[in-house]
Amino acid sequence: MQTSADLKNLLARIDRRGYPAYKDTRGAYQFPGYVLSIDHVQGDPFAAPSKLSIHVSGKTAGFPRALYETRCRRLALQDELTRQFGRRAAQFSFQAKGSGQSGLISVSRCGPEVLERTACRLDPERGDVLLRLEVGFPANGRTINARELEKILFDFLPRCVQETLCCSGLDGRRLRAVAQLADDQQYIRQKLPELGLCAFVADGSILPRESGVSSRPMKGAVPFRAPRELAVTLDLPNRGKITGMGIPRGITLIVGGGYHGKSTLLKALELGVYDHVAGDGREYVITDRTAVKIRAEDGRSIRRTDISMFINGLPNGKDTVSFETEDASGSTSQAANVAESLEAGTSLLLIDEDTSATNFMIRDELMQRVISRDMEPITPFLERVRELYDRWGVSTVLVAGSSGAYFHAADRVIQMDRYEPRDVTALAKREAAAFPLHAEGLEPAAAPSFDRRPRASRKFGDGGRIKLKSLGRDGVSIDRETIDLRHVEQLVDGEQTAALGECMVYAQRSLLDGKRDLRQVVDELEAVLDRRGLEGLCQERSGVPFLARPRRQEIFACFNRYRGLEL
Ligand code: ADP
Ligand code: MG
């Protein structure tokens, strides 16, 4: 392997030459204490920055095995190192000067969720640390300014490595706290099914955010406090006793006046499928990992989805067992979202009336008298919610501030009252009894059919280059076709979306054979992710992109919105 001295000589040689001479720096160099690898070099100072990786051996990094021996601790430590390195590197970004992106130093920007990312990897056996970053190689115009790059590679980065990728540079107490929080979160998650719960919200949690565009906790917010009837106390391995609201499996209604904090609670539950970092306020808001937010999504495409559980006998005679549309209505999109979530293996649906199609959710009695059942293609969710739980074990948490129709079906009714939850089940049930439902005999739904076997599109077959473009968190474009993921609300990071793009291309190239059904395809994708990591999706290109692991549910969501998929 070449040494850092070789790199220094090379930089002296190419200084002030044309930008393409930077290409010669590709390669791996032994620095004192780590290996710097230049994996991809940008074509000019205005192009996407160059890709570098830093490899610190386990012996040098020196993290105690206890900090990374379990998967959950490893992910938490990787996340912590990414944040620490990122914070330090940001102080050096653009300290080296030049045109365009010259001097940029960047790593993944982490939100409050702890995600598995390509940004940082800890080898579980040896404790080796790998950190990926991007650097804008400095130039004046298109003339190489190698002295500025020398500053970055020989001054800034060694300090970042020393201070944030080696245990000796970091605060040991803080690292232990990160590992302990991860354990406690995992403990709660594993305890949920045992306790018959689908979610837990600890007392003292801060649920609201500073603003609609911020993920920071709101200052001066009313801390969460469980009502006595739903209070559950857990004994966490590190933190010890913690009390909070346990949401039992079954059907739970969240009611209350406008602006009393209903949607805020539901949002916290949606994001409770991920672990949150210390200080977020939602560290101990833990939801069933498979939970899916269901909403109306007018305009989405639906591909051969069985929505017959909710929709039958459309006036245009369209098949609803294998329903197709390029432009779904509110109710058909919401029906498809439920059916597809069952296919993805969810056991908890989260629904907010604010983002639902009313005719999908309810049909009131007066309307039923005027428009008889055989004139109405929609069987509202209300009439299936009990069946979903009794027959398929799928619970529902539903925010319903304006309709009491769900009181009959609910197992629990929680009122948000000035941001404090109260258990009003008894009252709601008493009032509901005074308004008996006029039950029309309803046939139970047939088990939905999930028989969809995608085939690879020809253009992926010939090994040609497929253009993959990330559109931030909101979507991804594959060979100029956009997959719109704006309404897939539990996607939290553009790197997850980018990973979904890679998943689609990988599946097109190696998994879609018209024989595997969609569930088998996703099983195989997840097996690749488990075995080889996110890196396993994208071997052929130089420089692994920044990716974060999406859940199974979001992989399905992406396939389901992929209009070009051949089914
Ligand atoms: P709802 O869905 O019941 O109409 P929201 O959940 O949208 O109400 O909350 C209304 C407003 O109250 C939001 O601006 C939200 O940030 C704020 N809010 C929510 N929870 C709290 C809380 N615990 N303390 C202070 N403000 C809160
Ligand atoms: Mg609301």
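Residues numbered from 1 in each chain as written. Chains lettered and ligands numbered in written order. Predicted model: local features only at pLDDT ≥ 70, side-chain atom pairs only at ≥ 80, totals over all residues. Heavy atoms only, no water.

**Q** How would you sum up the site of ligand 1? Please name residues and give values.
**A** Neighbouring ligand 1 are 13 residues, the closest being Val222, Tyr259, Lys262, Ser263 and Thr264. Between ligand 1 and Lys262 there is a distance of 2.8 Å, counted from an oxygen atom to a side-chain nitrogen or oxygen. One of the side-chain N or O atoms of Tyr419 is found 3.1 Å from an oxygen atom in ligand 1. When ligand 1 sits alone it has 560 Å² of accessible area, and the protein chains cover 79% of it. (Near = heavy atom within 4 Å. Polar contact = N/O pair within 3.5 Å; in protein donor to acceptor, adjacent residues only side chain to side chain. Areas by Shrake-Rupley, 256 points an atom, 1.4 Å probe, with all protein chains shown as cover.)

**Q** Summarise the domain arrangement of the chain; cite the residues concerned and give the values.
**A** Per the domain assignment, the segments of the chain are domain 1 (2–170), domain 2 (292–432) and domain 3 (458–560). Distance between the C-alpha centres of domain 1 and domain 3: 26 Å. Each side of the interface is counted separately: domain 1 has 19 residues, and domain 3 has 15 residues. When domain 1 packs against domain 3, close to 1,300 Å² is buried across both sides, 50% of that on carbon and sulfur atoms. For domain 1, the biggest contributors to the area lost against domain 3 are Glu116, Thr118 and Arg132; these three give 36% of the whole. (Domains from an automatic or database assignment. Contact = heavy atoms within 4.5 Å. Buried area = accessible area lost by both parts, 1.4 Å probe.)

**Q** Mind laying out the side chain of Asp15, listing which residues take part and the relevant values?
**A** When you line up the elements, Asp15 lands in the loop between α1 (4–14) and β2 (27–31). A polar atom in the side chain of Asp15 sits 2.9 Å from the backbone nitrogen of Ala146. (Helix = DSSP H or I, 4+ residues; strand = E, 2+ residues; numbered from the N terminus.)

**Q** Residue-level account of the packing of aromatic side chains, with values.
**A** In the structure shown here, the tally under the stated rule is 8 aromatic pairs. Ring geometry for Phe360 versus Phe381: centroids 5.8 Å apart, planes at 35°, classification tilted. Of this pair, Phe360 sits in helix α8 (residues 358–361) while Phe381 sits in the loop between α9 (365–370) and α10 (385–392), placing them 21 residues apart in sequence. The class for Phe360 is buried, based on a relative accessible area of 0%. Here the aromatic residues Tyr19, Tyr22 and Phe137 are joined through ring pairs into a cluster of three or more. Against the face of Phe154 rests Lys8, its NZ or CZ located 4.8 Å from the ring centre. Between the NZ or CZ atom of Lys51 and the centre of the ring of Phe546, over which it lies, the distance is 5.2 Å. (Phe/Tyr/Trp six-rings, centres within 6.5 Å; stacked < 30°, edge-to-face > 60°. Buried < 20%, exposed > 50% of the residue type's maximum accessible area, 1.4 Å probe, protein only. Lys NZ or Arg CZ within 6 Å of the ring centre and 35° of its normal.)

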